[in-house]
Amino acid sequence: MVDVDKLKATVREAVEEQRGRLHEISRYLYENPELGSEEFKSAELLTYELESHGFQVERQLHGIPTAFCATYKGKAQGPRIAVIAEYDALPGVGHGCGHNLISAAAVGAGVAASSVMEQLDGEVLVVGTPAEEGIGPSAGSKVILAKKGFWDDVDAAMMCHPSSIYSVGTRLLGIWRISMEFEGQTAHTAVDPHNGVNALNAATLAYIGTHMLRQEARRDANVVISGIITEGGLASNIIPDRAVCNFGVRSSDEAYLEEMVEKVARCAEGAALATGARVKVKKRRVYSSKKQNPPLIDVLWGNYASQGLEIEHWKETYTGMPLASSDFGDVSHVIPVVSSNIKVGEPGLPGHSVQMADATMTEQGQEAMTVGAKALGMTLVELLAAPEKLKAVKEYFDAN
Ligand SMILES: [Zn+2]
Ligand SMILES: [Zn+2]
């Protein structure tokens, strides 16, 4: 029998040994932020690093130019457990979502776990998943990988994300995007407005109607509706014949989310009817909400809590209000997954901001990345070394 606690101690030491190198990796990404689908330098650095530690690297995974899968095999065949790297930045705010730390922690966890793999059966994977923020042709690459069947022979996946608290197993909202294109008729606004059909008025009615839906939305379903009007006319003396709105609709309840999407679409149809405009509505599911896995959450949480940090018990937080959406949600419907937050700054630190990007490079941010790498690394090893835990994770997944 392998001694799991001893393996975990080795993993923590291995992360400590990499501290300087992980700092360099996160700094390079911070200083060279690349938008989704264009993360060529980032992917090159991460794959190079993993290869130099003996990982077998498959680049351009399933034809996605900046996706990769790095594998480190144990002494015999067995379960394949993945840690997820994200490395896309945001327009204007660089690594304002802190993905530079997600990838450094994933590399740290994978390399640390690899140092004990000669004692274990199975494989550790570091999977590079670009364009989480939804930009470019690789947008939502985890969904693309799910459609290609990549996750089907992975047994579980985990990751960490910068935040202003430590927590494990927080929920994710499902999200749909809806676009409405209104078409009317131009006319002179003073001479013959009666000959026009005002597409902007239709868009305005749809915008207002959609926002009125919030009042009756089920509060336990965590509905979020956000919208913008992207086109609304060319000149104030021309009745606009074209107006476009884009909406994001989110909820933690997938079935209810589809209902809300239909209601939002009806606002467009109602507005078109009222104004005499025509409307084209496009609805698209973007990311799914997350299917939770308490047995897996419990293992990862234990590996955070054992590091002596301030973290609420996962049972206190995992039914809390979900705040974000991610393509990791889609993976959760294929295999058991768990995500965690690492505390890079104090509460009030805005997400998607320059402040968040800067926080990743502070002493606190770097410490949080190391804590995340250790927790993920220990969890990779624990799931391989204690087959009964992985069995419980899979049984829960199958039964729910
Ligand atoms: Zn983000
Ligand atoms: Zn993010």
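What counts and what doesn't
- All residue numbers refer to position in the chain's written sequence, counted from 1.
- The order in which chains are written sets their letters, starting at A; the order in which ligands are written sets their numbers, starting at 1.
- The predicted nature of this model means local features are confined to residues of pLDDT at least 70 and side-chain atom pairs, given and counted, to a pLDDT of 80 or more, with totals for whole chains, interfaces and linings taken over all residues.
- Under the DSSP-based scheme used, a helix requires at least four consecutive residues in state H or I and a strand at least two consecutive residues in state E, with every element numbered from the N terminus.
- Here the globule rule reads 2.2 Å times residues to the power 0.38, and the radius of gyration is calculated from C-alpha atoms.
- Counting other C-beta atoms within 10 Å of a residue's own tells you its class, since 20 or more makes it buried, 12 or fewer makes it exposed, and anything in between is partly exposed; those C-beta atoms are placed from the backbone.
- Contact between two residues is assigned when their C-beta atoms, built from the backbone, lie within 7 Å.
- Between N-to-C directions, angles cover 0 to 180 degrees, with each direction set by a line fitted to C-alpha atoms, over the stretch in contact for helices.
- Oblique is the label for any angle not covered by the other classes, which are roughly parallel (under 35 degrees), roughly antiparallel (over 145) and roughly perpendicular (65 to 115).
- Crossings are assigned a handedness: left-handed for a near helix turned anticlockwise from the far helix by less than a right angle, right-handed for a clockwise turn.
- Any residue outside Ala, Val, Leu, Ile, Met, Phe, Trp, Tyr, Cys, Pro, Asp, Glu, Lys and Arg is labelled polar, Gly included; the first ten of those are nonpolar and the last four are charged.
- For two strands to pair, DSSP has to find at least two bridges joining them.
- Here a crossover is taken to be right-handed if, once the strands point away from the viewer, the path from the first strand over the helix to the second is traced clockwise.
- Expected helix span is given by 1.5 Å per residue-to-residue step, counting one fewer step than there are residues.
- In this description, the arc belongs to the directions extending from the helix axis to the C-beta atoms.
- Domain ranges listed in this record stem from an automatic or a database domain assignment.

**Q** Explain the overall build of the protein chain to me, using residue names and the numbers behind them.
**A** Counting secondary structure elements, the protein chain contains 12 helices and 11 strands. Relative to the compact-globule value of 21 Å for 400 residues, the protein chain shows a C-alpha radius of gyration of 23 Å, a close match. In terms of overall dimensions, the protein chain has C-alpha extents of about 85 × 45 × 40 Å along its principal axes. Taken over 400 residues, the protein chain has a buried fraction of 54%. Partitioning the intrachain contacts of the protein chain with sequence separation of at least 6 by distance along the chain shows that 80% fall at a separation of at least 24.

**Q** Just give me the short version of the packing of helix H1 (residues 4-31) against helix H3 (residues 99-114), but keep the residues and values in it.
**A** Following both chains from N to C, one finds H1 and H3 inclined at 150°, their axes separated by 8 Å at the closest point. Judged by the inter-axis angle, H1 sits roughly antiparallel to H3. For the pair H1 and H3, the crossing hand works out as right-handed. Between H1, through Val-11, Ala-14, Val-15, Gln-18, Leu-22, Ile-25, Ser-26, Leu-29 and Tyr-30, and H3, the contact on the second element is made entirely by Asn-100, Leu-101, Ser-103, Ala-104, Val-107, Gly-108, Val-111, Ala-112 and Ala-113. Classifying every residue of the contact of H1 with H3 by side-chain character gives 13 nonpolar, five polar and no charged.

**Q** Tell me about the environment of Gly-345, residues and numbers included.
**A** As for its placement among the helices and strands, Gly-345 is situated in the loop between strand S11 (337-343) and helix H10 (354-359). Each C-alpha atom, one on Gly-345 and one on Gln-18, is 22 Å from the other, the two residues being 327 residues apart in sequence. Residue contacts for Gly-345: discarding those within four places in its chain leaves Ser-164, Ala-359 and Gln-364.

**Q** Any chance you could break down the packing of H1 against helix H11 (residues 363-385) for me, citing the residues and the numbers?
**A** Running from N to C, H1 and H11 point in directions that differ by 145°, and their axes come no closer than 8 Å. Between H1 and H11 lies a crossing whose hand is right-handed. The segment H1 lies against H11, with Val-4, Leu-7, Lys-8, Val-11, Arg-12, Val-15, Arg-19, Leu-22, His-23 and Ser-26 engaging Gln-366, Met-369, Thr-370, Ala-373, Lys-374, Gly-377, Met-378, Val-381, Glu-382 and Ala-385. The class makeup of the residues in the contact of H1 with H11 is 10 nonpolar, five polar and five charged.

**Q** Residue-level account of the sheet that holds strand S2 (residues 68-73), with values.
**A** Ordered in space as S1-S2-S4-S3-S5-S11-S6, the seven strands form an open sheet in which the pairing is mixed. If you trace the sheet from one side to the other, it starts and ends with strand S1 (56-59) and strand S6 (167-168), each paired once. Summarising the sheet, S6 and S11 pair through two bridges and their orientation is antiparallel. When the sheet's bridge partners are listed, Val-168 is paired in S11 with Ser-340.

**Q** Could you give an account of the pairing of strand S3 (residues 76-85), naming the residues involved and the relevant values?
**A** Here S3 pairs with strand S4 (residues 121-128) via seven bridges, running parallel. Paired with Val-83 across the bridge in S4 is Val-126. Tracing the backbone out of S3, into H3 and back to the parallel element S4 gives a crossover that is right-handed. As judged from the three bridges shared by S3 and strand S5 (residues 156-163), these two strands associate in the parallel manner. In the strand pairing of S5, Ile-81 is matched with Ala-156.

**Q** Pulling in residues and values, what's your account of helix H6 (residues 254-275)?
**A** With 22 residues, H6 extends 32 Å between its outermost C-alpha atoms, agreeing within 8% with the 32 Å of an ideal straight helix rising 1.5 Å per residue. Buried within H6 we find Leu-257, Met-260, Val-261, Val-264, Ala-265, Cys-267, Ala-268, Ala-271, Ala-272 and Thr-275. Viewed along the axis of H6, the buried residues span an arc of 140°, placing them on a single side of the element. Exposed residues lying more than 90 degrees from the buried face of H6 are Ala-255, Glu-262 and Leu-273. Where H6 ends, the next residue or the one after it, Gly-276, has phi of about 85°, a positive value.

**Q** Please give an account of the environment of Leu-384 that cites residues and values.
**A** Looking at the element boundaries, Leu-384 is found in helix H11. Taking the number of C-beta atoms within 10 Å as the measure of exposure, Leu-384 has 28 and is therefore buried. The spacing of Leu-384 and Glu-346 is 38 residues in sequence and 34 Å in space, taken between C-alpha atoms.

**Q** Describe the sheet that holds strand S8 (residues 224-231), naming the residues involved and giving the relevant values.
**A** Taken in spatial order, the four strands of this open sheet run S8-S9-S7-S10, and their pairing is antiparallel. This sheet does not close on itself; its edge strands, each paired only once, are S8 and strand S10 (278-287). In this sheet, adjacent strand axes meet at a mean angle of 15° when their direction is disregarded. In terms of strand pairing, strand S7 (residues 174-183) meets S10 through nine bridges, oriented antiparallel. The residue bridging Ile-178 from the neighbouring strand is Lys-283, located in S10. Relative to the sheet, helix H5 (residues 199-216) contacts S7, S8, strand S9 (242-251) and S10, its axis offset from that of S9 by approximately 15°.

**Q** Tell me about the domain arrangement of the protein chain, and please be specific about residues and values.
**A** For the protein chain, the domain assignment lists domain 1 (4-172 + 290-399) and domain 2 (174-287). Each of domain 1 and domain 2 was reduced to a C-alpha centroid, and the two centroids are 37 Å apart.

**Q** Lay out helix H7 (residues 294-305) in plain terms, naming residues and giving numbers.
**A** Taking 1.5 Å of rise per residue, the 12 residues of H7 would be expected to cover 16 Å, and the 16 Å separating its terminal C-alpha atoms lies within 8% of that figure. Every buried residue belonging to H7 is among Leu-296, Ile-297, Asp-298, Val-299, Leu-300, Trp-301, Asn-303 and Tyr-304, and all of these are buried. Turning to H7, the residues buried within the fold contact S5, S6, helix H8 (314-317), S11, H11 and helix H12 (387-399).

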